[in-house]
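Structural description and commentary
What follows is each chain in one-letter form.
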Amino acid sequence: MIQPLVPRLAIIGAGLIGSSLARAAREKHLAGTLVVADADPAVCERVRQLGFADVVTQDAGEAAEGSDIVVVAVPVGASGKVAEVVGPRLKPGAILSDVGSVKGFVVEAMAPHVPAHAHLIPAHPVAGTEFSGPDAGFATLFENRWCIVTPPEGADPQAVARIVGLWRAAGANVETMSAQHHDLVLAITSHVPHLIAYNIVGTAAHLEETLTSEVIKFSAGGFRDFTRIASSDPTMWRDVFLTNRDAVLEMLGRFTEDLTALQRAIRYGDGDVLFEHFARTRAIRRSIIEQGQETAAPDFGRRAAEKPKHEDS
Ligand SMILES: NC(=O)c1ccc[n+]([C@@H]2O[C@H](COP(=O)([O-])OP(=O)(O)OC[C@H]3O[C@@H](n4cnc5c(N)ncnc54)[C@H](O)[C@@H]3O)[C@@H](O)[C@H]2O)c1
Ligand SMILES: O=C(O)C(=O)C[C@]1(C(=O)O)C=C[C@@H](O)C=C1
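Our subject in this report is the structure included herewith. On a predicted model such as this, the values are computed, not experimentally measured, just so you know.

**Quick notes on the overall build of the chain**
From N to C terminus, the chain includes 14 helices and nine strands. Seen through its C-alpha atoms, the chain measures out along the principal axes to roughly 70 × 45 × 35 Å. The buried share of the chain, reckoned over its 313 residues, is 43%. In the chain, the proportion of contacts linking residues at least 24 apart, taken out of those at least 6 apart, comes to 75%. Summed over all atoms, the accessible surface of the chain reaches about 16,700 Å², with 56% contributed by carbon and sulfur. Between the centroid of the 29 positive side chains of the chain and the centroid of its 38 negative side chains there is a distance of 3 Å.

This is how it looks when you write it as structure tokens:
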């Protein structure tokens, strides 16, 4: 019989990302035993109904016990608390990993709880949707998407290779970099864009009542796309901004300067500045599409939107 990639895989947190990894592991037979833990009893009950785990428990420590790899998939702000529970239960050689959108903070919060006989190898699958919870996950979420692995200095190469292997087997392309570099890159590619979306939708909501209802009525294009992003989970994004503060503030500073330059071009009727800027950004969009990074995830999201978790409850 062929040995599974991971004899016992534990996933702590069964929301969008945890349940997607569990589904991918189940479909691709990556785990001998797949254990899922979640602090919320209603989520545990739903995971049992959905049937993508062998063992479901509310106790993260119990899930970690005897596991070869433990993947923490909770909001970044809760990762330290989970590591505190899981750390003492890790067996010799076990790997503690995560999926958090911020990496520097996660290492600081989790590392003190990892015993010398185990390994901490953080990772971040750069794939998601605006939906949360166990119903929102799907097995193909990571297909052909990047997963960034951020091994701490001196990390065991074999442990790194096992986490890289897990994400490749789940369908992702893997790149490794330092946690600090990750946080700077993601600040501009993911965190600031979310802040802009939250802000513009908030601005529209603050307009006078008649104008706001017209915004909703006529939002077919650009604004509608922003509302998708701005409907993302408030807990997750609060934690991202609180834990990646320096990198976000650095990128926000640059963003504000560039915005002021565009504002100036509009004020003084400088069409050349506007045209050149828009031509450059169009080229960036085209190169993203050429690299195959344009994702089908929003469509999955829309399909899921027909029956979002929030309307079930
Ligand atoms: N949503 C995305 O697009 C996306 C993409 C990549 C990475 N991430 C990262 O993945 C992580 C999870 O995000 P998500 O979208 O799956 O969130 P989610 O809200 O869908 O799920 C999080 C789950 O964690 C559980 N949880 C919270 N605290 C816990 C604790 N102390 N112990 C056990 N379970 C706990 C919750 O009950 C919930 O079921 C976050 O760190 C986020 O930054 C999210
Ligand atoms: O597609 C979306 O809805 C997402 O927001 C996914 C997205 C992103 O910004 O690209 C969000 C946060 C993650 O850490 C990784 C991916």
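So that's the structure; there's more coming.
**Re the site of ligand 2**
Around ligand 2 sit S101, H124, A127, G128, T129, E130, S190, H194, R228, M236 and W237, and those are all the residues in its vicinity. The backbone of G128 places a nitrogen or oxygen atom 3.1 Å from an oxygen atom of ligand 2. When ligand 2 sits alone it has 370 Å² of accessible area, and the protein chains cover 86% of it. Counting residues per element, the ones that place at least two in the shell around ligand 2 are α7 (179-206) and α10 (234-243). Residues that form the shell around ligand 2 fall into these classes: three nonpolar, six polar and two charged. Structurally, the shell around ligand 2 is a two-domain feature, drawing no fewer than three residues from each of domain 1 (6-177) and domain 2 (182-296).

**Details of the sheet that holds strand β9 (residues 173-176)**
Taken together, the three strands give an open sheet; going across it, the order is β7-β8-β9, and neighbouring strands pair in mixed fashion. Each end of this open sheet is capped by a strand with a single partner; those strands are β7 (123-125) and β9. Ignoring strand direction, the axes of neighbouring strands in this sheet form an average angle of 20°. Bridge analysis of strand β8 (residues 146-149) against β9 gives four bridges, and the strand direction is parallel.

**Remarks on the environment of V102**
With respect to the secondary-structure elements, V102 resides in the loop between β5 (95-98) and α5 (104-110). Accessibility expressed as a relative area gives 0% for V102, which makes it buried. Between the C-alpha atom of V102 and that of Q180, which follows or precedes it by 78 residues, the distance is 9.2 Å. Ignoring anything within four residues of it in the chain, the contact list for V102 reads V76, H182, D183, H191, V240, T243 and N244.

**Things to note about the pattern of salt bridges**
Under the defined criterion, the tally for this structure stands at eleven salt bridges. With its nearest N and O atoms 3.4 Å apart, the salt bridge here joins R48 to E45. Highlighted residues: R48 and E45, both in helix α2 (residues 41-50), separated by three residues, approximately one helical turn. On the basis of relative accessibility, which here comes to 44%, the residue R48 falls in the partly exposed class. You can call E45 partly exposed: its relative accessible area is 39%. Of the charged contacts in the structure, one is a salt bridge between D68 and K91, with a shortest N-O distance of 3.0 Å. Taken together, the positions of D68 in the loop between α3 (60-64) and β4 (69-72) and K91 in the loop between α4 (79-86) and β5 put the pair 23 residues apart, joining distant regions of the chain.

**Quick word on the site of ligand 1**
Taken together, 25 residues lie around ligand 1, and I17, D38, V74, S101 and G133 are the ones closest in. Between ligand 1 and D38 there is a distance of 2.6 Å, counted from an oxygen atom to a side-chain nitrogen or oxygen. Between ligand 1 and G133, the relevant distance is 2.8 Å, taken from an oxygen atom to a main-chain nitrogen or oxygen of the residue. Coverage of ligand 1 by the protein chains reaches 85% of its 830 Å² of free accessible surface. Taken together, the elements giving at least two residues each to the shell around ligand 1 come down to α1 (16-27) and β7. Of the residues in the shell around ligand 1, the class split is 14 nonpolar, nine polar and two charged.

Thresholds applied
Throughout this description, residue numbers start from 1 for each chain and increase along the sequence as written. Whichever chain is written first is A, and whichever ligand is written first is 1; the rest continue in order. It should be noted that, the model being predicted, local features are given only for residues of pLDDT at least 70 and side-chain atom pairs only at 80 or more, the latter also being counted only at that level, while totals for whole chains, interfaces and linings use all residues. By convention in this description, side-chain values take in all heavy atoms of the structure and omit both hydrogens and water. Each helix corresponds to a stretch of at least 4 residues labelled H or I by DSSP, and each strand to a stretch of at least 2 residues labelled E; elements are numbered beginning at the N terminus. Think of it in three bands: with a 1.4 Å probe and only protein chains considered, a residue is buried below 20% of the maximum accessible area for its type, exposed above 50%, and partly exposed in between. Any two residues whose heavy atoms approach within 4.5 Å at even a single point are treated as in contact. Method for areas: the Shrake-Rupley scheme with a 1.4 Å probe, in which residue coverage is limited to the protein chains shown. Residues counted as positive are Lys and Arg, residues counted as negative are Asp and Glu, and His and the chain ends are not counted. Where a charge lies is defined by one atom per residue type: Lys uses NZ, Arg uses CZ, Asp uses CG and Glu uses CD. A single heavy atom is enough: if one lies within 4 Å of a molecule or strand, its residue is considered near that molecule or strand. In the analysis that follows, any N or O atom pair within 3.5 Å is treated as a polar contact, provided that within protein one partner can donate a hydrogen and the other can accept it, and provided that, for residues neighboring in sequence, both atoms belong to side chains. All amino acids are sorted into three groups, where Ala, Val, Leu, Ile, Met, Phe, Trp, Tyr, Cys and Pro are nonpolar, Asp, Glu, Lys and Arg are charged, and the leftover types, Gly among them, are polar. For the domains described, the bounds stem from an automatic or database domain assignment. When DSSP finds at least two bridges between two strands, those strands are taken to pair. What counts as an axis is a line fitted to C-alpha atoms, over the stretch in contact for a helix, and the angles between N-to-C directions run from 0 to 180 degrees. Take a side-chain nitrogen of Lys or Arg and a carboxyl oxygen of Asp or Glu: if they are within 4 Å of each other, that pair is a salt bridge.

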